[in-house]
Amino acid sequence: MLSLFICGTAVTSQLLAETYKVDTPMLQSFINYCLLFLVYTVWLAFRSGENGLLHILRNKWWKYILLAIVDVEANYSIVKAYQFTTITSVQLLDCVGIPVLMVLSWFILHSRYRLIHYIAVVVCLLGVGTMVGADVLSGREEGKASDMLIGDVLVILGACLYAVSNVSEEYIVKNLSRAEFLGMLGLFGTFVSGIQLMAIEYNAIINIQWEWRIGVMFAAFALCMFGLYSVMPLVIRVTSATSVNLGILTADLYSLFFGLFLFGYNFSLLYILAFVMIMVGFIMYCSTATYHAEPTPAQAHEGIVNSAMKEAETPQEPATPLQYLPEELSREH
């Protein structure tokens, strides 16, 4: 479902850019953040106590501003990259976010991976490589890049920013709440994207030749993006940000299948092979659960010392040695 939502955003963006000559990535994101604000921020406003909007703003406002900046710029960087580089490069370099995400999860969320997880990631990335190879062999991307270096840098930047956003999302939805994440992102995302929108896309918006088809494309993009943002926290809460990012690699394949009918793409059996490889890798990753790191010896020693101090403050009667307890109980029975 998440892959289909991403596919919807990709197809509508491409239709806007190629068919209607509309290039307003920040306006598209701004509409999504406004929807998040109207639904989830308003929802938070009606809650009271520690889960309410005012309490969260007083204690965490600066953290969510930083998260909103990261998320807004991640969306903008990826969409903007399509103006400078090819779809093939975007698909290939976008995978940089997965190892970055795993490293961040290792240090921030203390996630630990088994050998099968690393093998699964390699299989998924090989699937993406197969898909990129099919694009190159078909010649679909020849002559479409204006400045590939700028585009590639934007893709890598966007992928790394997405990794930061996804790790933050996993921490918030698993330790706090989904409503808090989406509500704060809607509030500050609207603010940040609105400022950036007026700064860099004001003239582009004025020059749009509005008609009902363009309105439909904007509405479809916004609904797909809103669905993506609403559903992803539910999936991340029961799995992990890494497994979600592996699963949504199939979005590029779904976009290709739509492109066969809408944009006249050439079909190749390598695309089917790529899809199978990605799904096999995804299933391998999900077949074995990750685990969290145990406390370090220093942390464990600190916990023992703190426990001993608490016991010293509260005198108690000598406890019966544990090793003699089973024998006494056996004699009583």
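Everything numeric here is computed off the predicted structure, so don't read it as measured data.

Give me the overall build of the chain: which residues, what numbers.
For the chain, the count of helices and strands is 15 helices and 2 strands. With 333 residues in all, the chain has 43% of them scored as buried. For the chain, long-range pairs separated by at least 24 residues make up 88% of all intrachain contacts whose partners lie at least 6 apart in sequence. Accessible area of the chain: about 17,900 Å², with a carbon and sulfur share of 67%.

Before we move on, can you summarise the layout of surface pockets with the specific residues and values?
Taken as a whole, the second largest pocket spans an internal volume of roughly 390 Å³. Taken together, 15 residues form the lining of the second largest pocket, with Lys-63, Leu-67, Ser-168, Tyr-171 and Ile-172 sitting closest to its centre. Secondary-structure elements contributing two or more residues to the lining of the second largest pocket are helix 3 (53-81), helix 5 (97-108) and helix 7 (148-175). Element by element, the count of residues in the lining of the second largest pocket is highest for helix 3, at 7 residues. A class-by-class count of the residues in the lining of the second largest pocket yields 12 nonpolar, 1 polar and 2 charged.

Tell me what's going on with the UniProt feature "transmembrane region" (unreviewed entry) in the chain, and back it up with residues and numbers.
The positions UniProt marks with the feature "transmembrane region" (unreviewed entry) are residues 27-49, 90-109, 116-137, 149-167, 179-200, 212-232, 244-263 and 269-286. Span residues 179-200 is 100% helix and 0% strand, its end C-alpha atoms 31 Å apart. Spanning residues 212-232, this segment combines 100% helix with 0% strand, and its end C-alpha atoms are found 30 Å apart.

Any details on the confidence of the model for the chain? Residues and values, ideally.
In this model, the chain carries a mean pLDDT of 81, and residues with pLDDT of at least 70 account for 82%. Note on residues 298-333: pLDDT under 50 across the span, and 1 contact to partners over four residues away in sequence or across chains.

So what about the packing of aromatic side chains? Which residues, and what values?
Enumeration according to the criterion identifies 5 aromatic pairs in this entry. Between Tyr-33 and Tyr-229 the ring centres are 6.2 Å apart and the planes differ by 75°, which places this aromatic pair in the edge-to-face class. Of the two residues, Tyr-33 sits in helix 2 (residues 25-45) while Tyr-229 sits in helix 10 (residues 212-238), which places them 196 residues apart along the sequence. On the basis of an interplanar angle of 40° and a centroid distance of 5.5 Å, the ring pair of Trp-210 and Phe-218 is categorised as tilted. Judged by relative accessible area, which is 6%, Phe-218 ranks as buried. Through pairs of rings, three or more aromatic residues link up here, namely Tyr-40, Trp-43 and Phe-226. One cation-aromatic arrangement involves Arg-47 over Trp-43; the distance from NZ or CZ to the ring centre is 5.9 Å. A cation over a ring is seen here: Arg-112 above Trp-106, with NZ or CZ 3.9 Å from the ring centre.

Pulling in residues and values, what's your account of helix 5?
Taking 1.5 Å per residue, 12 residues should reach 16 Å; helix 5 reaches 16 Å between its end C-alpha atoms and fits that length. Those residues of helix 5 lying buried are Gly-97, Ile-98, Leu-101, Met-102 and Ser-105. Within helix 5, the buried residues cover an arc of 135° as seen down the axis, which keeps them to one side. Immediately downstream of helix 5, the backbone of His-110 shows phi near 60°, a positive value.

I'd like a description of the packing of helix 1 (residues 2-18) against helix 10, backed by residues and values.
For the pair helix 1 and helix 10, the least separation of the axes is 8 Å and the interaxial angle reads 155°. Considering their axes alone, helix 1 and helix 10 lie roughly antiparallel with respect to each other. Taken as a pair, helix 1 and helix 10 cross one another with a handedness that is left-handed. Contact with helix 1, carried on its side by Leu-2, Phe-5, Ile-6, Gly-8, Thr-9, Thr-12, Ser-13, Leu-15 and Leu-16, involves Ile-214, Met-217, Phe-218, Ala-220, Phe-221, Cys-224, Met-225, Gly-227, Leu-228, Val-231, Met-232 and Val-235 of helix 10 and no other residues of that element. Residues of the contact of helix 1 with helix 10, tallied by class, amount to 16 nonpolar, 5 polar and no charged.

Criteria and thresholds
- Note that residues are indexed from 1 along each chain, following the sequence as it is written.
- Under the rules for a predicted model, residues below a pLDDT of 70 receive no local features and side-chain atom pairs below 80 are neither given nor counted, while totals for whole chains, interfaces and linings still include all residues.
- Excluding hydrogens and water, the side-chain values take into account all heavy atoms of the structure.
- Counting from the N terminus, the helices are DSSP H or I runs at least four residues long and the strands are E runs at least two residues long.
- The buried label applies to any residue whose accessible area, calculated with a 1.4 Å probe on protein chains only, is under 20% of its type's maximum; exposed applies above 50%, and partly exposed to all values in between.
- Should any heavy atoms of two residues lie within 4.5 Å, those residues are considered in contact.
- To be clear on the numbers: accessible area is Shrake-Rupley with a 1.4 Å probe, and residue cover counts the displayed protein chains and nothing else.
- Only protein atoms enter the calculation, which uses a 1 Å grid: trapped sets of points that fit a 1.4 Å probe without letting it out are cavities, open sets showing protein on both sides within 12 Å along at least five of seven lines are pockets, and any residue with an atom within 4 Å of a point is a lining residue.
- Grid points are joined across faces, edges and corners, and a volume is the space filled by probe spheres set on the points.
- Ten residue types, Ala, Val, Leu, Ile, Met, Phe, Trp, Tyr, Cys and Pro, are classed as nonpolar, four, Asp, Glu, Lys and Arg, as charged, and the remainder, Gly among them, as polar.
- UniProt positions are given in the numbering used here, feature names are shortened, and annotations may be inferred rather than shown by experiment.
- The pLDDT score gives, residue by residue, the confidence of the prediction method on a 0 to 100 scale.
- In this scheme Phe, Tyr and Trp rings, the latter by its six-membered ring, pair at centre separations within 6.5 Å, and the angle between planes marks the pair as stacked below 30 degrees, edge-to-face above 60, and tilted otherwise.
- Our definition puts a charge over a ring when NZ of Lys or CZ of Arg is within 6 Å of the ring centre and also within 35 degrees of the ring normal.
- One less than the number of residues in a helix, times 1.5 Å, gives the span that helix is expected to have.
- Along the arc lie the directions from the helix axis toward the C-beta atoms.
- Axes here refer to lines fitted to C-alpha atoms; in helices the fit is confined to the stretch in contact. Angles between the N-to-C directions go from 0 to 180 degrees.
- Comment on the angle field: the value is read as roughly parallel under 35 degrees, roughly antiparallel over 145, roughly perpendicular from 65 to 115, and oblique elsewhere.
- Handedness of each helix crossing follows the sense of rotation of the near helix against the far helix: counterclockwise by less than a right angle gives left-handed, clockwise gives right-handed.

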